[in-house]
Amino acid sequence: MKCLICGINGKMGANLVELLKDDDTLSVACGVDINCNGQGVPVYREFSAVKEKVDVIIDFSSPAVLKGELSWAVKNSCPVVLASTGYSADDLTLIDETAKKIAVFKTGNFSLGINLLVKLVKKAAETLGEGFDIEIVEKHHNQKVDAPSGTALMLAESANSAFDGGKPFVNGRKGIVGKRGNEIGIHAVRGGTIVGEHEVMFAGEDEVITLSHSARSKKVFAVGAIRAAKWLAGKPAGKYDMNDVLEI
């Protein structure tokens, strides 16, 4: 199989190229990037210029390319693995509409450990119930442009599913905000070269339970995206995530 990497000259794109050099199943046919240099394959500035036929797209770029990317994917019947975060409400609507025409894989995090954490958070929320306040802290490097992280939102939504989505999300707190309500608090930290750390705290009366995950290298996300791309190729139209791949 052959893939197109969107954002091929970024850090994650470079990880994908390196990991796929000796892969027997999937190879890199071309890339799309605002920087058209290097990587040993054709790199185009926009999807409309792509000439190669590919079996799957892996996108580690930004939401800015989404419209052109999905339009090209539908036109060429090519499944897409979306590994970016920071999508707007309109972007998410476009993704849902596109998934009616082609296979679209979207998840906030491609790490096996994070996807297990999502499951554990839901189980903890179901077990502990309303008697425990839920707070999420996410930490990333100082170059990350969106906050909160897509993974933090995944974790918040997983916890909230235990309450039928009834808890509002509060992003940080400032000033005299009054006593804590029924919300799920989400807090973003940015600094240095932190790859990604997520902590979910359940604070009850006289006890605190904390579930956490720390990524030490961005390669864990590239490995997950490659696994997703191999799984997605040939799938019918629909929206898929890591639960489908891992069956957890």
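Use the structure listed above.
Just so we're clear, the structure is a prediction, and the values are computed from it rather than from any experiment.

**Side note on the sheet that holds strand 1 (residues 2-6)**
Sheet strands line up and pair through hydrogen bonds in the backbone, either parallel or antiparallel.
Here comes step 1: If you walk across this open sheet you meet the seven strands as 3-2-1-4-5-6-12, and the pairing is parallel. Strands with a single pairing partner mark the edges of an open sheet, and in this sheet they are strand 3 (43-44) and strand 12 (238-240).
Here comes step 2: Here helix 2 (residues 66-75) sits on the sheet and contacts strand 1, strand 4 (56-59) and strand 5 (80-82); the angle it forms with strand 5, its principal contact strand, is near 160 degrees.
Here comes step 3: Each of strand 4, strand 5, strand 6 (103-106) and strand 12 is contacted by helix 6 (residues 219-232), which is oriented at about 155 degrees to strand 5, the strand it contacts most.

**Things to note about the sheet that holds strand 8 (residues 169-171)**
Here comes step 1: In spatial order, the strands read 8-9-7-10-11; together these five strands make up an open sheet with mixed pairing. For this open sheet the edge positions go to strand 8 and strand 11 (207-215), each flanked by a neighbour on one side alone. Going from strand to strand, the sheet's axes swing by 15 degrees on average, the running direction of each strand aside.
Here comes step 2: Packing against the sheet, helix 5 (residues 150-160) makes contact with strand 7 (133-140), strand 8, strand 9 (184-190) and strand 10 (196-204), and its axis sits at approximately 165 degrees to strand 9.

**Remarks on unusual backbone geometry**
Here comes step 1: Look at the link from Ala 147 to Pro 148: it is a cis peptide, with omega at 0 degrees.
Here comes step 2: Its location among the elements puts Pro 148 in the loop between strand 7 and helix 5.
Here comes step 3: You will see that Asp 164, though not glycine, has its phi angle at about 55 degrees, which is positive.
Here comes step 4: Structurally, Asp 164 can be placed in the loop between helix 5 and strand 8.
Here comes step 5: On the basis of relative accessibility, which here comes to 77%, the residue Asp 164 falls in the exposed class.
Here comes step 6: Unusually for a residue other than glycine, Asp 206 sits at a positive phi of about 70 degrees.

Rules of the game
Residues numbered from 1 in each chain as written. Predicted model: local features only at pLDDT ≥ 70, side-chain atom pairs only at ≥ 80, totals over all residues. Heavy atoms only, no water. Pairing = 2+ DSSP bridges. Helix = DSSP H or I, 4+ residues; strand = E, 2+ residues; numbered from the N terminus. Contact = heavy atoms within 4.5 Å. Axes fitted to C-alpha atoms, helices over the stretch in contact; angles between N-to-C directions. Buried < 20%, exposed > 50% of the residue type's maximum accessible area, 1.4 Å probe, protein only.

As far as function goes, none of this settles anything; it's purely spatial.
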